[in-house]
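Spelled out from the first residue to the last, the chains are:
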Amino acid sequence: MSEPVKKRAGLFDLRYVLALLFAVYGVVLTVMGIAFTSQAGLDKAAGININLWAGLVMLAVGIVFALWARLRPIVVPAGTEPADDATGAGES
Amino acid sequence: MLFGAVRCVEVGLVHVLADANLRLDAGPVDYVLLGFYFVLVLGIGALARRSVSSSLDFFLSGRSMPAWVTGLAFISANLGAVEIFGMTANGAQYGVPTVHYYWIGAIPAMVFLGLVMMPFYYGSKVRSVPEFLLRRFGRFAHLVNSLSFAVAQVLIAGVNLYALALTINLLLGWPLWVSIIASAAIVLAYTTLGGLSAAIYNEVMQFFVIVAMLLPLTIVGLYKVGGWNGLVAKVTAANSDAAAQLHAWPGSNLTGIDNPVLSVIGLVFGLGFVLSFGYWTTNFAEVQRALSAKSMSAARRTPLIGAYPKTVIVLLIFIPGMIAAVISPELAAFKASGGTATNGVTYNDTIELLIRDLLPNGMLGVAITGLVAAFMAGMAASVSSFNTVFTYDLWQTYVVKDKPDEYYLRVGRLITIVGCLIAIGTAFIAGQFSNIMDYLQTLFGFFNAPLFATFLLGMFWKRMTPMAGGVGLIVGTASAVTVDVLNRSGVFTLSGQGGAFVAASVAFIMDIVISVLVTLVTAPKPDSELVGLVWSLTPRDSLRHSDTGENAGWYRKPVVLGVGVLVLAAVLNIIFW
């Protein structure tokens with residue numbers, strides 16, 4: 001907190017959070033779609049089992065985020081690269 | 001926020017009047033999905049806290065965010081619930097012309113921000129939009145803008161909070177005060193802990209949850225009406241002005257201007273140029289997301305990357321709106337009566353009716369989460385930009401200067417709490433005077449149009465004087481308010497959204513005229529103080545971004561991204577012509 005030296009803690013990878021969100025939502029919805037969606041629920045959605053389909057798509061999205069995070073991990077720049085007021089406006 | 005606000009003037013009252021027939025049949029599973037979302041939201045706040053070690057970390061994420069994150073947060077900060085309610089309502093009422101709020105009313109401005117203005121913002125290393133005004137025009141314009149922005153954001157946060165509580169009350173039956181305090185506490189928790197990083201990460205997550213709500217609604221809805229052709233047939237059968245609702249241009253039903261040529265001018269100049277450029281390029285709640293990017297290249301790409309989902313997502317907004325107006329019996333009856341029936345629903349209930357009628361338990365929980373997430377992110381965007389402007393632009397600039405950085409970090413956390421408390425108070429007041437609060441929100445929209453005029457002149461005309469900056473802003477805003485009051489009090493009448501377009505256009509023109517006149521009789525700043533702030537005095541090299549390493553590749557070039565999204569919007573315009 002109060003260290004005088006500016007450290008770059010490197011924020012955690014959001015893609016894993018998104019993967020977790022979609023994995024949990026995907027599993028819940030898929031299970032709902034397979035076993036617990038009433039006929040009334042199916043009729044609402046014009047006969048589409050929207051829970052099942054949405055669940056499967058969300059599972060896939062969750063896996064994509066996890067894979068993306070795995071294959072292209074965040075590279076924490078070495079040293080104090082863009083640290084504070086880098087004067088050259090054009091530099092990265 | 002702005003465009004939603006134009007529409008949302010009646011949201012408060014209407015919801016109070018509506019019966020309980022919108023109550024959703026939420027089951028345990030739905031609450032589990034909502035609860036899990038809250039856990040992740042707070043978890044992000046707690047995790048983000050570890051990376052906050054300076055005020056720059058807290059207010060600007062330490063300028064460390066990758067472009068895809070800031071890009072999604074950029075549109076997410078705007079894709080709040082007010083926008084979703086307002087734009088699905090526009091879809092139900094006006095049909096296809098709703099797309100103008102996106103393809104004309106957002107995309108060109110976002111491209112302009114990324115290609116032309118961002119080099120000045122990011123390159124000058126300012127920490128806020130008002131700070132740019134301070135450097136360019138000095139204290140007068142700075143104080144006008146910082147104060148109006150801070151007040152507007154904290155009140156908007158309150159309005160958002162109140163709207164959220166009304167929606168939860170309507171959908172789930174929770175008492176108003178429970179929702180107000182619970183949601184304010186959650187937003188407060190993660191914004192004080194993790195600062196802008198937590199707000200931005202949550203905005204990205206919110207974006208995906210909103211898509212997870214809208215996409216199934218659109219698909220199920222389209223299936224139910226028999227696809228796009230079925231929808232066209234039903235709209236044609238139900239409306240005498242079906243042609244206007246099924247074609248984007250000239251959009252006379254949206255503007256309230258019968259003459260097609262004037263209607264197009266109103267859309268292109270009023271909405272597409274003045275309102276939209278004003279909002280997207282000068283509203284700090286938006287620009288802040290780009291300033292948190294980790295490099296000049298990422299900052300320029302922020303609005304450009306955001307522009308792609310922005311272009312496409314309108315399809316998931318106006319199509320469900322149109323579908324609701326033909327398959328929901330209540331809404332269809334309301335529309336057939338020309339908006340005069342009092343059967344307990346209005347256009348503002350469009351999205352709720354669809355969720356209620358189309359989604360079974362399970363997806364219902366995702367949809368409720370999407371709505372709640374949209375409200376909370378809207379409030380968080382206001383709070384996280386308010387605390388930055390208050391701390392850097394008001395407190396540090398005018399009240400307590402030259403303290404160590406930790407002091408301002410503490411002030412930032414403290415003022416976040418104060419801001420949330422004021423928002424809660426505002427929300428309760430809004431419960432008493434909902435029409436006043438909604439009107440205020442529309443009013444704040446008018447701050448942006450003259451601001452854009454001042455920025456445009458200021459960035460490209462080095463002669464423009466500090467005095468002109470301040471006077472122009474005040475006169476411009478006053479003109480917009482005057483036109484709006486005249487329109488409301490019936491001196492002249494523009495139905496639809498035309499009034500807002502005209503008010504903003506007048507504000508823009510007045511700002512330019514007054515700024516030029518004042519400049520001619522006052523003293524400009526010396527050139528040496530304007531380097532990096534004015535186009536002609538800034539070395540071209542310092543506006544460039546690096547194109548090596550992780551900024552390499554043709555698909556990361558801002559110009560390519562910008563032209564690409566303009567082409568996409570143009571093609572979609574032709575398809576829905």
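Residues numbered from 1 in each chain as written. Chains lettered and ligands numbered in written order. Predicted model: local features only at pLDDT ≥ 70, side-chain atom pairs only at ≥ 80, totals over all residues.

**Let's talk about the overall build of chain A**
Note the threshold: By the criteria applied, helices consist of DSSP H or I runs no shorter than four residues and strands consist of E runs no shorter than two, each listed in order from the N terminus. Buried residues are those with 20 or more other C-beta atoms within 10 Å of their own C-beta, exposed residues have 12 or fewer, and partly exposed residues lie in between; C-beta atoms are placed from the backbone. Placing a C-beta atom from the backbone of each residue, one calls two residues in contact when those atoms lie within 7 Å.
The helix and strand inventory of chain A stands at three helices and zero strands. In chain A, the order of α-helices and β-strands from amino to carboxyl end is α-α-α. Among the 92 residues that make up chain A, the fraction classed as buried is 30%. Look at the contacts in chain A between residues 6 or more apart in sequence, and 74% of them connect residues 24 or more apart.

**Thoughts on the overall build of chain B**
Let me state the cut-off plainly: Atoms counted for the radius of gyration: C-alpha only. Globule rule: 2.2 Å times the number of residues to the power 0.38.
Assigned secondary structure in chain B consists of 27 helices and zero strands. Relative to the compact-globule value of 25 Å for 577 residues, chain B shows a C-alpha radius of gyration of 23 Å, a close match. Reported as C-alpha extents along the three principal axes, the dimensions of chain B are approximately 65 × 55 × 50 Å. The buried share among the 577 residues of chain B stands at 61%. Pairs at least 24 apart in sequence give 84% of the contacts found in chain B among residues at least 6 apart.

**Structural notes on the interface of chain A and chain B**
Going by this rule: Three categories are distinguished: nonpolar for Ala, Val, Leu, Ile, Met, Phe, Trp, Tyr, Cys and Pro, charged for Asp, Glu, Lys and Arg, and polar for the others, with Gly belonging to the last.
The interface of chain A with chain B comprises 35 residues on the first partner and 49 residues on the second. The set of elements that each furnish at least two residues to the side of chain A that touches chain B consists of α1 (14–36), α2 (39–44) and α3 (50–71) of chain A. The leading source of residues in the side of chain A that touches chain B is α1(A), at nine residues. Of the residues in the side of chain A that touches chain B, the class split is 21 nonpolar, seven polar and seven charged.

**Description of the environment of B:Asn21**
All names here are of chain B. Structurally, the position occupied by Asn21 is in the loop between α2 (11–17) and α3 (28–49). Using a count of 13 C-beta atoms within 10 Å as the deciding quantity, one classes Asn21 as partly exposed. Taking the C-alpha atoms as reference points, Asn21 and Glu406, separated by 385 residues in sequence, lie 52 Å from one another.

**Observations concerning the packing of α1(A) against helix α11 (residues 176–225) of chain B**
Cut-off, in case you're wondering: The angle between two axes is taken between their N-to-C directions and runs from 0 to 180 degrees, where each axis is a line fitted to C-alpha atoms and a helix contributes only its stretch in contact. With the far helix as reference, a near helix turned anticlockwise by less than a right angle produces a left-handed crossing, and one turned clockwise produces a right-handed crossing.
Here α1(A) crosses α11(B) at 35°, and the two axes come no closer than 11 Å. Along this stretch, α1(A) crosses α11(B), giving a crossing that reads as right-handed. For the pair α1(A) and α11(B), contact is made by A:Leu14, A:Val17, A:Leu18 and A:Leu21 and by B:Tyr201, B:Val204, B:Met205 and B:Phe208, respectively. Here the residues of the contact of α1(A) with α11(B) are counted per class, giving eight nonpolar, no polar and no charged.

**Comments concerning the nonpolar core**
Going by this rule: To define a nonpolar core, we join buried Ala, Val, Leu, Ile, Met, Phe, Trp, Tyr and Cys residues through C-beta atoms within 7 Å and take the resulting set.
In terms of nonpolar packing, the biggest core is built from 210 residues, with B:Leu161 and B:Ala504 touching the most fellow members. Among the elements that make up this core, the one with the highest residue count is α11(B) (23 residues).

**Concerning unusual backbone geometry**
Residue and element names in this part refer to chain B. Put simply, Trp249 and Pro250 share a cis peptide bond, and its omega is 0°. One non-glycine residue, Lys125, lies in positive phi territory at about 60°. One can find Lys125 in the loop between α8 (107–123) and α9 (129–137).

**Let's talk about the confidence of the model for chain B**
Residues and elements named next belong to chain B. Filter applied, for reference: The score called pLDDT rates the predictor's confidence residue by residue, from a low of 0 to a high of 100.
With 94% of its residues at a pLDDT of 70 or more, chain B has an overall mean of 86. Looking across chain B, the model is least confident in helix α1 (residues 2–7), with a mean pLDDT of 40, and most confident in helix α17 (residues 296–313), with 93. Across residues 1–20, where pLDDT falls below 50, the model places 58 contacts with residues more than four positions away in sequence or in other chains. For this predicted complex, the interface confidence score (ipTM) comes to 0.85, while the overall pTM stands at 0.88.

**Quick word on the environment of A:Leu42**
Residues and elements named next belong to chain A. Mapped onto the elements of the fold, Leu42 is located in helix α2. Residue classification places Leu42 among the partly exposed residues on the basis of 17 C-beta atoms within 10 Å. Excluding residues within four positions of it along the chain, Leu42 makes contact with Thr37, Gly47 and Asn49.

**A short note on the confidence of the model for chain A**
Residues at a pLDDT of 70 or more form 68% of chain A, whose mean pLDDT is 74. Note on residues 79–92 of chain A: pLDDT is under 50 here. Beyond four places in sequence and across chains, it has 29 contacts.

**Here we look at α11(B)**
Residue and element names in this part refer to chain B. Formally: To estimate how far a helix should extend, the number of its residues minus one is multiplied by 1.5 Å. Two axes enter the definition of the bend at a residue: one is fitted to the seven residues ending there, the other to the seven starting there, and the bend is the angle between them.
The terminal C-alpha atoms of α11 lie 36 Å apart, and with 50 residues this falls more than 12% below the ideal 74 Å at 1.5 Å per residue. Where α11 bends most, the angle comes to about 125°, and this point is Gly194. Judged by how many residues are buried, α11 sits mostly within the fold: 36 of 50 residues are covered. Remark: Gly226 follows α11 within two positions and exhibits a positive phi of approximately 85°.

**Some words on the packing of helix α18 (residues 315–327) of chain B against helix α19 (residues 329–336) of chain B**
Residue and element names in this part refer to chain B. Test applied: Angles below 35 degrees are treated as roughly parallel, those above 145 as roughly antiparallel, those between 65 and 115 as roughly perpendicular, and all remaining angles as oblique.
In the contact formed by α18 and α19, the axes pass within 5 Å of each other and the chain directions differ by 90°. In terms of axis orientation, α18 runs roughly perpendicular to α19. Within the contact between the two elements, α18 uses Ala324, Ala325 and Val326 and α19 uses Leu331, Ala332 and Lys335. In terms of residue class, the contact of α18 with α19 is made up of five nonpolar, no polar and one charged.

**Some remarks on the environment of B:Ser536**
Relative to the elements of secondary structure, B:Ser536 occurs in the loop between α26 (498–521) and α27 (558–575). The exposed category is assigned to B:Ser536, around which 10 C-beta atoms lie within 10 Å.

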